[in-house]
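Read off the chains here:
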Amino acid sequence: MNTTHTFADLKLIEPLLKSVERSGYTQPTPIQMKVIPHLLEGKDLLGIAQTGTGKTAAFSLPLLQILAENPKRRVAKQVRVLVLAPTRELAIQVHESFQTYGESLKMKLALAFGGVSQVPQVHTLSSGADVLVATPGRLLDLLMQGHVSLAGVEAFVLDEADRMLDMGFINDIRKILAVLPKKRHNLLFSASMAPEMERLVNSILVNPVKVAVTPPSSTAELINQSVMFVDKSQKRELLAHLFADNEFKRVIIFTRTKHGANRVSEFLDRVGVSSRAIHGNKSQSARQNALNEFKAGRLRALIATDIAARGIDVDNISHVINFELPNEPETYVHRIGRTARAGTSGVAISFCDAEEIAYLKQIERVIKKSIVVDREQPFHSDAAQNSNARPPVQQNSGRPRGQQPRGQQPRGQQPRSPKPRPQGRH
Ligand code: AMP
(Lines give C-alpha, C1' and ligand atoms only; values in the text may rest on other atoms or scores of the structure.)
Protein backbone atom coordinates (compact mmCIF):
# COMPACT_ATOMS: atom_id res chain seq x y z
CA MET A 1 0.00 0.00 0.00
CA ASN A 2 1.24 3.46 -0.81
CA THR A 3 1.47 5.48 2.36
CA THR A 4 3.24 8.53 0.93
CA HIS A 5 1.35 11.69 1.71
CA THR A 6 3.76 14.60 1.57
CA PHE A 7 6.26 16.00 -0.88
CA ALA A 8 9.00 15.45 1.71
CA ASP A 9 8.21 11.69 1.65
CA LEU A 10 8.99 11.78 -2.06
CA LYS A 11 12.61 12.66 -1.23
CA LEU A 12 12.55 15.98 -3.00
CA ILE A 13 15.38 18.34 -2.18
CA GLU A 14 14.83 21.37 0.04
CA PRO A 15 14.65 24.08 -2.66
CA LEU A 16 11.95 22.10 -4.47
CA LEU A 17 10.03 21.48 -1.25
CA LYS A 18 10.10 25.23 -0.64
CA SER A 19 8.79 25.96 -4.14
CA VAL A 20 5.87 23.55 -3.88
CA GLU A 21 5.06 25.11 -0.54
CA ARG A 22 5.17 28.58 -2.11
CA SER A 23 2.83 27.29 -4.82
CA GLY A 24 0.39 26.40 -2.06
CA TYR A 25 0.41 22.65 -2.67
CA THR A 26 -0.16 20.79 0.56
CA GLN A 27 0.20 17.28 -0.79
CA PRO A 28 1.20 15.53 -3.98
CA THR A 29 -1.54 14.61 -6.44
CA PRO A 30 -1.89 10.89 -7.26
CA ILE A 31 0.22 11.14 -10.41
CA GLN A 32 2.94 13.01 -8.54
CA MET A 33 2.99 10.33 -5.83
CA LYS A 34 3.23 7.55 -8.37
CA VAL A 35 5.64 9.14 -10.83
CA ILE A 36 8.20 11.16 -8.88
CA PRO A 37 10.00 8.22 -7.18
CA HIS A 38 10.44 6.36 -10.50
CA LEU A 39 11.70 9.42 -12.29
CA LEU A 40 14.21 10.17 -9.56
CA GLU A 41 15.56 6.66 -10.19
CA GLY A 42 15.96 7.52 -13.86
CA LYS A 43 13.32 5.11 -15.17
CA ASP A 44 11.51 5.66 -18.46
CA LEU A 45 7.86 6.46 -17.94
CA LEU A 46 4.56 6.20 -19.73
CA GLY A 47 2.05 8.44 -17.98
CA ILE A 48 -1.60 8.19 -18.95
CA ALA A 49 -2.97 11.40 -17.56
CA GLN A 50 -4.90 14.44 -18.63
CA THR A 51 -4.05 18.03 -17.89
CA GLY A 52 -5.45 18.99 -14.54
CA THR A 53 -3.95 16.00 -12.76
CA GLY A 54 -0.75 17.79 -11.79
CA LYS A 55 1.34 15.96 -14.41
CA THR A 56 3.55 18.95 -15.22
CA ALA A 57 4.88 19.11 -11.68
CA ALA A 58 5.12 15.30 -11.71
CA PHE A 59 7.85 15.49 -14.35
CA SER A 60 9.36 18.94 -13.85
CA LEU A 61 10.13 18.50 -10.14
CA PRO A 62 12.19 15.28 -10.49
CA LEU A 63 13.90 16.49 -13.67
CA LEU A 64 14.94 19.68 -11.92
CA GLN A 65 16.24 17.61 -9.03
CA ILE A 66 18.30 15.37 -11.33
CA LEU A 67 19.78 18.46 -13.02
CA ALA A 68 20.56 20.08 -9.69
CA GLU A 69 22.22 16.97 -8.30
CA ASN A 70 24.41 16.50 -11.39
CA PRO A 71 25.60 19.99 -12.25
CA LYS A 72 27.41 20.36 -15.58
CA ARG A 73 28.97 23.24 -17.43
CA ARG A 74 26.69 24.65 -20.07
CA VAL A 75 27.73 23.97 -23.64
CA ALA A 76 26.87 26.47 -26.37
CA LYS A 77 23.59 25.61 -28.15
CA GLN A 78 23.11 22.41 -26.13
CA VAL A 79 20.29 21.54 -23.75
CA ARG A 80 20.11 18.84 -21.06
CA VAL A 81 16.34 18.41 -20.83
CA LEU A 82 14.07 18.70 -23.86
CA VAL A 83 10.29 18.94 -23.43
CA LEU A 84 8.11 18.83 -26.55
CA ALA A 85 4.61 20.24 -26.23
CA PRO A 86 1.96 20.38 -28.98
CA THR A 87 0.85 24.01 -28.64
CA ARG A 88 2.38 27.36 -27.84
CA GLU A 89 0.08 27.77 -24.85
CA LEU A 90 1.10 24.46 -23.38
CA ALA A 91 4.78 25.15 -24.01
CA ILE A 92 4.46 28.47 -22.17
CA GLN A 93 2.75 26.79 -19.25
CA VAL A 94 5.31 24.02 -18.95
CA HIS A 95 8.10 26.60 -19.11
CA GLU A 96 6.34 28.59 -16.38
CA SER A 97 6.16 25.48 -14.20
CA PHE A 98 9.91 24.91 -14.55
CA GLN A 99 10.44 28.56 -13.67
CA THR A 100 8.22 28.36 -10.61
CA TYR A 101 9.55 25.10 -9.23
CA GLY A 102 13.17 25.78 -10.12
CA GLU A 103 13.18 29.35 -8.86
CA SER A 104 16.03 28.95 -6.40
CA LEU A 105 18.02 26.39 -8.41
CA LYS A 106 19.52 28.86 -10.87
CA MET A 107 18.59 26.80 -13.91
CA LYS A 108 18.70 28.33 -17.33
CA LEU A 109 15.44 27.72 -19.14
CA ALA A 110 14.66 28.24 -22.81
CA LEU A 111 11.35 28.35 -24.63
CA ALA A 112 10.80 27.99 -28.38
CA PHE A 113 7.55 28.13 -30.32
CA GLY A 114 6.46 29.36 -33.71
CA GLY A 115 4.43 32.37 -34.78
CA VAL A 116 6.87 34.81 -33.17
CA SER A 117 10.37 36.03 -34.01
CA GLN A 118 13.03 33.42 -33.42
CA VAL A 119 15.69 36.00 -32.54
CA PRO A 120 15.24 36.02 -28.73
CA GLN A 121 14.94 32.22 -28.73
CA VAL A 122 18.18 31.88 -30.69
CA HIS A 123 19.86 34.32 -28.34
CA THR A 124 18.86 32.33 -25.24
CA LEU A 125 19.98 29.06 -26.80
CA SER A 126 23.30 30.38 -28.06
CA SER A 127 25.02 29.83 -24.71
CA GLY A 128 23.13 26.59 -23.99
CA ALA A 129 20.33 25.90 -21.50
CA ASP A 130 19.44 23.35 -18.86
CA VAL A 131 15.87 22.93 -20.07
CA LEU A 132 14.30 23.68 -23.42
CA VAL A 133 10.53 23.56 -23.81
CA ALA A 134 9.54 23.67 -27.46
CA THR A 135 6.86 22.98 -30.02
CA PRO A 136 8.04 20.53 -32.70
CA GLY A 137 7.86 22.83 -35.75
CA ARG A 138 9.94 25.65 -34.32
CA LEU A 139 12.42 23.24 -32.80
CA LEU A 140 13.01 21.67 -36.23
CA ASP A 141 13.47 25.12 -37.77
CA LEU A 142 16.08 26.00 -35.17
CA LEU A 143 17.80 22.64 -35.58
CA MET A 144 18.01 23.00 -39.33
CA GLN A 145 19.55 26.44 -39.02
CA GLY A 146 22.07 25.10 -36.50
CA HIS A 147 20.88 27.31 -33.65
CA VAL A 148 20.44 24.40 -31.28
CA SER A 149 22.07 20.99 -30.87
CA LEU A 150 20.32 18.06 -29.21
CA ALA A 151 23.54 16.06 -28.80
CA GLY A 152 23.63 16.71 -25.06
CA VAL A 153 20.02 15.81 -24.23
CA GLU A 154 19.88 13.66 -21.11
CA ALA A 155 16.09 13.62 -20.67
CA PHE A 156 13.36 13.85 -23.27
CA VAL A 157 9.71 14.53 -22.44
CA LEU A 158 6.90 14.17 -24.96
CA ASP A 159 3.92 15.91 -23.40
CA GLU A 160 0.34 15.41 -24.62
CA ALA A 161 1.56 12.87 -27.14
CA ASP A 162 -1.97 11.99 -28.28
CA ARG A 163 -2.58 15.58 -29.27
CA MET A 164 0.77 15.65 -31.08
CA LEU A 165 -0.46 12.79 -33.23
CA ASP A 166 -3.89 14.41 -33.74
CA MET A 167 -2.16 17.56 -34.91
CA GLY A 168 -0.05 15.66 -37.42
CA PHE A 169 3.31 16.15 -35.71
CA ILE A 170 4.42 12.55 -36.09
CA ASN A 171 6.98 13.23 -38.82
CA ASP A 172 8.43 16.19 -36.97
CA ILE A 173 8.74 14.04 -33.86
CA ARG A 174 10.50 11.29 -35.79
CA LYS A 175 13.00 13.80 -37.20
CA ILE A 176 13.70 15.11 -33.72
CA LEU A 177 14.08 11.59 -32.30
CA ALA A 178 16.62 10.81 -35.01
CA VAL A 179 19.02 13.45 -33.69
CA LEU A 180 18.65 12.71 -29.99
CA PRO A 181 21.39 10.71 -28.25
CA LYS A 182 20.51 7.00 -28.15
CA LYS A 183 20.97 6.77 -24.41
CA ARG A 184 18.62 9.09 -22.60
CA HIS A 185 15.83 9.27 -20.03
CA ASN A 186 12.42 9.21 -21.74
CA LEU A 187 9.02 10.36 -20.49
CA LEU A 188 5.82 10.27 -22.48
CA PHE A 189 2.48 11.63 -21.33
CA SER A 190 -0.78 11.06 -23.11
CA ALA A 191 -4.44 11.27 -22.15
CA SER A 192 -5.30 8.24 -24.24
CA MET A 193 -3.68 5.22 -25.87
CA ALA A 194 -4.78 4.69 -29.46
CA PRO A 195 -2.97 1.89 -31.41
CA GLU A 196 -0.91 4.52 -33.24
CA MET A 197 0.25 5.75 -29.85
CA GLU A 198 1.34 2.25 -28.94
CA ARG A 199 3.81 2.31 -31.84
CA LEU A 200 5.17 5.70 -30.83
CA VAL A 201 5.55 4.57 -27.23
CA ASN A 202 7.47 1.46 -28.28
CA SER A 203 9.80 3.48 -30.47
CA ILE A 204 10.67 5.91 -27.68
CA LEU A 205 10.46 4.27 -24.27
CA VAL A 206 12.70 1.51 -22.93
CA ASN A 207 11.13 -0.76 -20.29
CA PRO A 208 8.90 2.05 -19.08
CA VAL A 209 7.08 2.21 -15.80
CA LYS A 210 3.42 2.69 -16.66
CA VAL A 211 1.28 4.96 -14.57
CA ALA A 212 -2.34 5.78 -15.30
CA VAL A 213 -4.11 8.19 -13.02
CA THR A 214 -7.50 8.00 -14.64
CA PRO A 215 -8.50 5.45 -17.19
CA PRO A 216 -8.22 7.11 -20.62
CA SER A 217 -11.91 7.75 -21.10
CA SER A 218 -13.25 8.25 -17.61
CA THR A 219 -14.52 11.68 -16.71
CA ALA A 220 -13.46 13.23 -13.44
CA GLU A 221 -15.81 12.22 -10.69
CA LEU A 222 -15.85 15.71 -9.29
CA ILE A 223 -17.37 17.29 -12.37
CA ASN A 224 -21.08 17.83 -12.31
CA GLN A 225 -22.08 17.18 -15.91
CA SER A 226 -25.40 18.00 -17.45
CA VAL A 227 -26.93 18.39 -20.86
CA MET A 228 -29.47 20.97 -22.05
CA PHE A 229 -31.48 20.13 -25.16
CA VAL A 230 -31.89 23.25 -27.23
CA ASP A 231 -32.53 24.15 -30.83
CA LYS A 232 -29.49 25.30 -32.71
CA SER A 233 -31.08 28.70 -33.33
CA GLN A 234 -31.58 29.27 -29.59
CA LYS A 235 -28.19 28.32 -28.24
CA ARG A 236 -27.02 31.90 -27.96
CA GLU A 237 -30.09 32.96 -26.03
CA LEU A 238 -29.64 30.02 -23.73
CA LEU A 239 -26.07 31.16 -23.14
CA ALA A 240 -27.24 34.67 -22.26
CA HIS A 241 -29.78 33.14 -19.90
CA LEU A 242 -27.07 31.16 -18.11
CA PHE A 243 -24.81 34.19 -17.77
CA ALA A 244 -27.60 36.04 -15.95
CA ASP A 245 -26.56 33.80 -13.06
CA ASN A 246 -23.57 35.27 -11.24
CA GLU A 247 -22.28 31.78 -10.44
CA PHE A 248 -21.01 31.77 -14.03
CA LYS A 249 -17.84 33.64 -13.11
CA ARG A 250 -15.05 32.12 -15.11
CA VAL A 251 -16.37 30.09 -17.95
CA ILE A 252 -14.74 28.32 -20.89
CA ILE A 253 -17.08 27.88 -23.83
CA PHE A 254 -16.16 25.40 -26.55
CA THR A 255 -17.20 25.74 -30.15
CA ARG A 256 -16.33 23.46 -33.05
CA THR A 257 -15.09 26.19 -35.39
CA LYS A 258 -13.08 29.39 -35.26
CA HIS A 259 -15.92 31.38 -36.80
CA GLY A 260 -18.31 29.89 -34.29
CA ALA A 261 -15.99 31.05 -31.48
CA ASN A 262 -15.91 34.60 -32.89
CA ARG A 263 -19.66 34.70 -33.28
CA VAL A 264 -20.30 33.57 -29.71
CA SER A 265 -17.82 36.10 -28.37
CA GLU A 266 -19.40 38.94 -30.38
CA PHE A 267 -22.83 37.90 -29.13
CA LEU A 268 -21.71 37.81 -25.49
CA ASP A 269 -20.15 41.25 -25.84
CA ARG A 270 -23.47 42.53 -27.18
CA VAL A 271 -25.33 41.20 -24.14
CA GLY A 272 -22.78 42.67 -21.74
CA VAL A 273 -20.73 39.58 -20.89
CA SER A 274 -17.00 40.27 -21.15
CA SER A 275 -15.40 37.62 -23.31
CA ARG A 276 -12.66 36.86 -25.81
CA ALA A 277 -12.25 34.12 -28.40
CA ILE A 278 -9.01 32.20 -28.80
CA HIS A 279 -8.23 30.05 -31.80
CA GLY A 280 -5.59 29.34 -34.40
CA ASN A 281 -6.35 32.46 -36.46
CA LYS A 282 -5.47 34.76 -33.58
CA SER A 283 -1.90 35.91 -33.17
CA GLN A 284 0.14 34.46 -30.36
CA SER A 285 0.08 37.74 -28.46
CA ALA A 286 -3.69 38.09 -28.86
CA ARG A 287 -4.15 34.59 -27.48
CA GLN A 288 -1.80 35.21 -24.60
CA ASN A 289 -3.45 38.54 -23.76
CA ALA A 290 -6.88 36.94 -23.75
CA LEU A 291 -5.60 34.21 -21.47
CA ASN A 292 -4.01 36.72 -19.10
CA GLU A 293 -7.20 38.79 -18.94
CA PHE A 294 -9.19 35.67 -18.26
CA LYS A 295 -6.79 34.48 -15.55
CA ALA A 296 -6.92 37.92 -13.93
CA GLY A 297 -10.73 37.71 -13.77
CA ARG A 298 -11.32 40.59 -16.19
CA LEU A 299 -13.18 38.33 -18.62
CA ARG A 300 -16.09 36.13 -17.60
CA ALA A 301 -15.82 33.92 -20.64
CA LEU A 302 -13.18 32.52 -22.91
CA ILE A 303 -14.47 30.97 -26.10
CA ALA A 304 -12.13 28.39 -27.53
CA THR A 305 -11.75 25.80 -30.21
CA ASP A 306 -10.33 22.49 -29.08
CA ILE A 307 -6.83 22.94 -30.39
CA ALA A 308 -6.45 26.45 -28.97
CA ALA A 309 -7.73 25.30 -25.60
CA ARG A 310 -5.43 22.32 -25.34
CA GLY A 311 -3.38 22.50 -22.20
CA ILE A 312 -4.81 25.81 -21.06
CA ASP A 313 -4.14 25.86 -17.39
CA VAL A 314 -6.41 28.22 -15.53
CA ASP A 315 -7.42 27.46 -11.98
CA ASN A 316 -10.95 27.91 -10.66
CA ILE A 317 -12.85 27.60 -13.90
CA SER A 318 -16.44 27.77 -12.63
CA HIS A 319 -18.06 26.20 -15.70
CA VAL A 320 -17.24 24.54 -18.96
CA ILE A 321 -19.95 24.99 -21.57
CA ASN A 322 -20.02 22.88 -24.70
CA PHE A 323 -21.80 25.26 -27.01
CA GLU A 324 -21.48 22.50 -29.58
CA LEU A 325 -20.82 18.90 -28.70
CA PRO A 326 -17.58 17.51 -30.08
CA ASN A 327 -17.81 14.68 -32.59
CA GLU A 328 -15.06 12.79 -30.79
CA PRO A 329 -15.94 11.56 -27.31
CA GLU A 330 -12.31 11.89 -26.16
CA THR A 331 -12.52 15.59 -26.88
CA TYR A 332 -15.47 15.86 -24.52
CA VAL A 333 -13.32 14.38 -21.76
CA HIS A 334 -10.52 16.87 -22.47
CA ARG A 335 -12.92 19.79 -22.52
CA ILE A 336 -14.66 19.13 -19.26
CA GLY A 337 -11.30 18.46 -17.63
CA ARG A 338 -10.70 22.23 -17.72
CA THR A 339 -12.92 22.52 -14.67
CA ALA A 340 -12.43 20.54 -11.46
CA ARG A 341 -8.66 20.77 -11.65
CA ALA A 342 -6.34 19.31 -9.06
CA GLY A 343 -9.11 18.03 -6.85
CA THR A 344 -11.56 20.91 -6.90
CA SER A 345 -15.13 20.47 -8.11
CA GLY A 346 -16.58 21.92 -11.29
CA VAL A 347 -19.57 22.10 -13.59
CA ALA A 348 -19.81 21.12 -17.26
CA ILE A 349 -22.93 21.92 -19.28
CA SER A 350 -23.45 20.67 -22.82
CA PHE A 351 -25.87 22.20 -25.28
CA CYS A 352 -27.30 19.53 -27.54
CA ASP A 353 -29.40 20.19 -30.62
CA ALA A 354 -31.26 17.60 -32.67
CA GLU A 355 -28.28 16.95 -34.91
CA GLU A 356 -25.96 16.35 -31.98
CA ILE A 357 -27.88 13.59 -30.23
CA ALA A 358 -25.74 10.93 -31.88
CA TYR A 359 -22.60 12.64 -30.49
CA LEU A 360 -24.15 12.69 -27.03
CA LYS A 361 -24.86 8.98 -27.18
CA GLN A 362 -21.29 8.26 -28.29
CA ILE A 363 -19.94 10.33 -25.41
CA GLU A 364 -22.12 8.54 -22.88
CA ARG A 365 -20.95 5.18 -24.19
CA VAL A 366 -17.33 6.20 -23.79
CA ILE A 367 -17.64 7.80 -20.35
CA LYS A 368 -19.85 4.91 -19.32
CA LYS A 369 -22.54 7.04 -17.75
CA SER A 370 -25.57 9.06 -18.67
CA ILE A 371 -25.24 12.78 -18.51
CA VAL A 372 -27.90 14.37 -16.34
CA VAL A 373 -30.58 16.25 -18.23
CA ASP A 374 -30.86 19.76 -16.88
CA ARG A 375 -34.57 20.13 -16.32
CA GLU A 376 -34.65 23.85 -15.78
CA GLN A 377 -34.51 25.00 -19.35
CA PRO A 378 -35.97 28.19 -20.60
CA PHE A 379 -36.65 26.80 -24.04
CA HIS A 380 -38.34 23.75 -25.40
CA SER A 381 -36.56 22.16 -28.24
CA ASP A 382 -36.80 19.73 -31.05
CA ALA A 383 -33.77 18.03 -29.60
CA ALA A 384 -35.57 17.40 -26.31
CA GLN A 385 -38.48 15.88 -28.13
CA ASN A 386 -36.27 13.83 -30.38
CA SER A 387 -34.34 12.63 -27.38
CA ASN A 388 -37.08 10.38 -26.08
CA ALA A 389 -35.13 7.56 -27.64
CA ARG A 390 -32.89 8.12 -24.64
CA PRO A 391 -34.99 8.78 -21.55
CA PRO A 392 -33.55 11.50 -19.35
CA VAL A 393 -31.68 10.08 -16.41
CA GLN A 394 -32.05 11.96 -13.18
CA GLN A 395 -29.02 11.62 -11.03
CA ASN A 396 -27.20 14.13 -9.00
CA SER A 397 -23.53 13.75 -9.56
CA GLY A 398 -21.78 15.89 -7.02
CA ARG A 399 -22.80 19.47 -7.60
CA PRO A 400 -20.17 21.65 -5.97
CA ARG A 401 -20.75 22.50 -2.40
CA GLY A 402 -22.76 25.63 -1.82
CA GLN A 403 -24.30 25.56 -5.26
CA GLN A 404 -27.97 24.77 -5.54
CA PRO A 405 -29.05 22.85 -8.54
CA ARG A 406 -30.73 25.25 -10.88
CA GLY A 407 -34.46 24.87 -10.57
CA GLN A 408 -34.20 24.24 -6.85
CA GLN A 409 -33.27 27.74 -5.89
CA PRO A 410 -35.60 29.56 -3.56
CA ARG A 411 -38.00 31.90 -5.31
CA GLY A 412 -36.57 35.32 -5.89
CA GLN A 413 -33.10 33.93 -6.47
CA GLN A 414 -33.79 32.50 -9.87
CA PRO A 415 -31.49 33.71 -12.57
CA ARG A 416 -33.04 36.28 -14.83
CA SER A 417 -34.41 34.58 -17.85
CA PRO A 418 -35.05 36.02 -21.27
CA LYS A 419 -38.63 35.62 -22.34
CA PRO A 420 -38.78 32.16 -23.89
CA ARG A 421 -39.84 32.28 -27.49
CA PRO A 422 -42.67 29.98 -28.39
CA GLN A 423 -41.37 26.93 -30.17
CA GLY A 424 -43.08 25.43 -33.14
CA ARG A 425 -42.05 22.12 -34.62
CA HIS A 426 -42.28 22.97 -38.27
P1 AMP B 1 -1.33 20.02 -14.86
O2 AMP B 1 -2.03 18.69 -14.81
O3 AMP B 1 0.14 19.89 -14.83
O4 AMP B 1 -1.84 20.84 -16.02
O5 AMP B 1 -1.69 20.83 -13.51
C6 AMP B 1 -2.95 21.28 -13.22
C7 AMP B 1 -3.02 22.28 -12.09
O8 AMP B 1 -2.79 21.66 -10.86
C9 AMP B 1 -2.05 23.43 -12.18
O10 AMP B 1 -2.79 24.62 -12.01
C11 AMP B 1 -1.12 23.26 -11.01
O12 AMP B 1 -0.73 24.51 -10.48
C13 AMP B 1 -1.96 22.48 -10.03
N14 AMP B 1 -1.21 21.55 -9.16
C15 AMP B 1 -0.15 20.78 -9.52
N16 AMP B 1 0.25 20.04 -8.47
C17 AMP B 1 -0.56 20.32 -7.44
C18 AMP B 1 -0.66 19.87 -6.08
N19 AMP B 1 0.17 18.94 -5.60
N20 AMP B 1 -1.62 20.38 -5.32
C21 AMP B 1 -2.49 21.29 -5.81
N22 AMP B 1 -2.45 21.78 -7.08
C23 AMP B 1 -1.51 21.29 -7.88
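Participant: How should I be thinking about the overall build of the protein chain in this particular structure?
Facilitator: In terms of regular secondary structure, the protein chain is built from 16 helices and 14 strands. A total of 426 residues make up the protein chain; the buried ones form 54% of that total. At a minimum sequence separation of 6, the contacts of the protein chain that also span at least 24 residues come to 77%. Looking at the protein chain as shown, the accessible area adds up to about 19,000 Å², and 50% of this sits on carbon and sulfur atoms.

Participant: How should I be thinking about the pairing of strand 7 (residues 209-212) in this particular structure?
Facilitator: Put simply, side chains in a regular strand alternate between the two faces of the sheet. Covered by surrounding structure in strand 7 are Val209 and Val211 only, the residues Lys210 and Ala212 on the alternate face being uncovered. Pairing analysis gives four bridges linking strand 1 (residues 45-48) to strand 7, with the strands arranged parallel. What sits directly across from Gly47, in strand 7, is Val211.

Participant: Would you explain the sheet that holds strand 5 (residues 155-158) in this entry?
Facilitator: Paired through their backbone hydrogen bonds, the strands of a sheet run either parallel or antiparallel. Strand order in the open sheet made by the seven strands is 3-4-2-5-6-1-7, with parallel pairing throughout. Of all strands in the sheet, those bounded by a partner on one side alone are strand 3 (109-112) and strand 7. Taking each pair of neighbouring strands and ignoring which way they run, the sheet shows an average axis angle of 15°.

Participant: Is there a simple way to explain the pattern of salt bridges in this structure?
Facilitator: Opposite charge on two side chains lets them pair, provided their charged atoms get close. Within the structure shown, the criterion is met by 17 salt bridges. For the salt bridge of Lys72 with Glu154, the shortest nitrogen-to-oxygen distance reads 3.3 Å. Placement of Lys72 in the loop between helix 3 (55-69) and strand 2 (79-84) and of Glu154 in the loop between helix 6 (136-144) and strand 5 is noted, with a sequence separation of 82 residues between them. Glu154 gets classed as partly exposed once you look at its relative accessible area, which sits at 25%. Note that Glu356 is salt-bridged to Arg256, the shortest N-O span being 3.6 Å. Residue Glu356 is found in the loop between strand 13 (346-352) and helix 15 (357-367), and its partner Arg256 is found in the loop between strand 9 (251-254) and helix 11 (258-270); the two are separated by 100 residues along the sequence.

Participant: I would appreciate a short explanation of unusual backbone geometry in the present structure.
Facilitator: A negative phi angle characterises most non-glycine residues, just as the trans form characterises most peptide bonds. Even without being a glycine, Lys77 presents a positive backbone phi close to 70°. Its location among the elements puts Lys77 in the loop between helix 3 and strand 2. Residue classification places Lys77 among the partly exposed positions, given a relative accessible area of 35%. The phi angle at Glu160 is positive, at roughly 50°, despite the residue not being glycine. Looking at where Glu160 falls in the secondary structure, it is placed in the loop between strand 5 and helix 7 (161-166).

Participant: What is the right way to read the nonpolar core from this model?
Facilitator: It is characteristic of soluble globular proteins that their nonpolar side chains tend to be buried jointly. Counting residues in each nonpolar core, the largest one holds 38 residues, and the members touching the most others are Leu12, Phe59, Leu61, Leu63, Val83 and Phe98. Sort the elements by how many residues they give to this core and helix 3 lands first, with seven residues. In contact with Leu63, other than residues within four places in its own chain, are Val81, Phe98, Ala155, Val157, His185 and Leu187. Counting 35 residues, the second largest nonpolar core, distinct from the first, contains Leu46, Leu140, Leu143 and Leu180.

Participant: Explanation requested: the site of the ligand in the structure shown.
Facilitator: Around the ligand sit 16 residues, and of these Tyr25, Gln32, Gly52, Gly54 and Thr56 come closest. At 2.7 Å from an oxygen atom of the ligand is found a main-chain nitrogen or oxygen belonging to Gly54. At a separation of 2.5 Å, an oxygen atom of the ligand approaches a polar side-chain atom of Thr56. Notes on the ligand: free accessible area 500 Å², of which the protein chains cover 87%. Among the residues making up the shell around the ligand, the classes are represented as four nonpolar, eight polar and four charged.

Participant: Explanation requested: the sheet that holds strand 9 in the structure shown.
Facilitator: A sheet is described by the order of its strands in space; here seven strands give the open sequence 10-11-9-12-13-8-14, paired in parallel fashion. Of all the strands in the sheet, the pair left with one neighbour each is strand 10 (275-278) and strand 14 (372-373). Direction of pairing for strand 12 (residues 319-322) relative to strand 13: parallel, over a ladder of four bridges. In the sheet register, Ile321 faces strand 13, and the bridge partner there is Ile349. On top of the sheet, helix 10 (residues 235-243) reaches strand 8 (223-229), strand 9, strand 11 (301-304), strand 12 and strand 13; it is set at about 155° to strand 13, its chief contact.

Participant: Please clarify how helix 3 should be interpreted in this entry.
Facilitator: The α-helix advances 3.6 residues per turn, and as a result positions three or four apart in sequence lie on the same side. For helix 3, built from 15 residues, the straight-helix expectation of 21 Å at 1.5 Å per residue is met to within 8% by its first-to-last C-alpha distance of 22 Å. Burial analysis of helix 3 places twelve of its 15 residues in the buried class, the great majority of the element. For helix 3, the set of buried residues is Lys55, Thr56, Ala57, Ala58, Phe59, Ser60, Leu61, Pro62, Leu63, Leu64, Gln65 and Leu67.

Participant: Honestly, the side chain of Glu324 in this entry has me stumped. Any pointers?
Facilitator: With respect to the secondary-structure elements, Glu324 resides in the loop between strand 12 and helix 14 (329-336). Buried charge without a salt bridge: Glu324, with Arg256 as the nearest opposite-charge side chain at an N-O distance of 4.9 Å. Of the polar contacts made by the side chain of Glu324, one reaches the backbone nitrogen of Arg256; its length is 2.6 Å. Setting aside residues up to four positions removed in sequence, Glu324 forms contacts with Lys235, Phe254, Thr255, Arg256, Thr257, Arg335 and Glu356.

Participant: How should I be thinking about the side chain of Lys55 in this particular structure?
Facilitator: As for its position among the elements, Lys55 is in helix 3. If near-sequence neighbours (up to four positions away) are discounted, Lys55 is found in contact with Ile31, Ala49, Gln50, Asp159, Glu160 and Phe189.

Participant: Would you take a moment to explain the packing of helix 4 (residues 88-101) against helix 12 (residues 284-295) for this structure?
Facilitator: The geometry of a pair of packed helices is captured by two quantities: the angle between their axes and the separation between those axes. Following both chains from N to C, one finds helix 4 and helix 12 inclined at 55°, their axes separated by 11 Å at the closest point. Taken together, the axes of helix 4 and helix 12 are oblique relative to one another. For the element pair helix 4 and helix 12, the recorded crossing hand is right-handed. Across the interface between the two elements, Arg88, Glu89, Ile92, Gln93 and Glu96 from helix 4 touch Gln284, Arg287, Gln288, Leu291 and Lys295 from helix 12. Looking at the contact of helix 4 with helix 12, its residues break down into two nonpolar, three polar and five charged.

Calculation notes
- Here the residue numbering is sequential within each chain, running from 1 through the sequence in written order.
- Only residues with pLDDT of 70 or above have their local features reported here, since the model is predicted, and side-chain atom pairs are shown and tallied only from 80 upward, although totals for entire chains, interfaces and linings are computed over all residues.
- Hydrogens and water molecules were not included; the side-chain quantities draw on all heavy atoms of the structure.
- Numbering goes from the N terminus for both helices and strands, where a helix is a DSSP run of H or I of at least four residues and a strand is a run of E of at least two.
- Partly exposed describes any residue whose relative accessible area lies between the buried limit of under 20% and the exposed limit of over 50%, with all areas from a 1.4 Å probe on protein chains only and scaled to the type maximum.
- Any two residues having at least one pair of non-hydrogen atoms within 4.5 Å are treated as being in contact.
- Note on areas: Shrake-Rupley with a 1.4 Å probe; residue coverage comes only from the protein chains shown.
- At least two DSSP bridges between two strands are needed for those strands to be called paired.
- Every angle, taken between N-to-C directions, lies between 0 and 180 degrees, and every axis is a line fitted to C-alpha atoms, over only the stretch in contact when it is a helix.
- Only one rule defines a salt bridge in this text: a Lys or Arg side-chain nitrogen within 4 Å of an Asp or Glu carboxyl oxygen.
- Residues belong to a common nonpolar core when they are buried Ala, Val, Leu, Ile, Met, Phe, Trp, Tyr or Cys residues joined through side-chain atoms within 4.5 Å.
- To be near a molecule or strand, a residue needs just one of its heavy atoms within 4 Å of it.
- Pairing of N or O atoms within 3.5 Å defines a polar contact, subject to two protein rules: one partner must be a possible hydrogen donor and the other a possible acceptor, and residues neighboring in sequence count only if both atoms are side-chain atoms.
- Basically, the charged four are Asp, Glu, Lys and Arg, the nonpolar ten are Ala, Val, Leu, Ile, Met, Phe, Trp, Tyr, Cys and Pro, and anything else, Gly included, counts as polar.
- An expected span of 1.5 Å times one less than the residue number is assigned to each helix.
- Under the counting rule used here, the positive set is Lys and Arg, the negative set is Asp and Glu, and His together with the chain ends is not counted.
- Note on angle classes: values under 35 degrees are labelled roughly parallel, values over 145 roughly antiparallel, values of 65 to 115 roughly perpendicular, and the remainder oblique.
- Note: crossing handedness is left-handed where the near helix turns anticlockwise from the far helix by less than a right angle, and right-handed where it turns clockwise.

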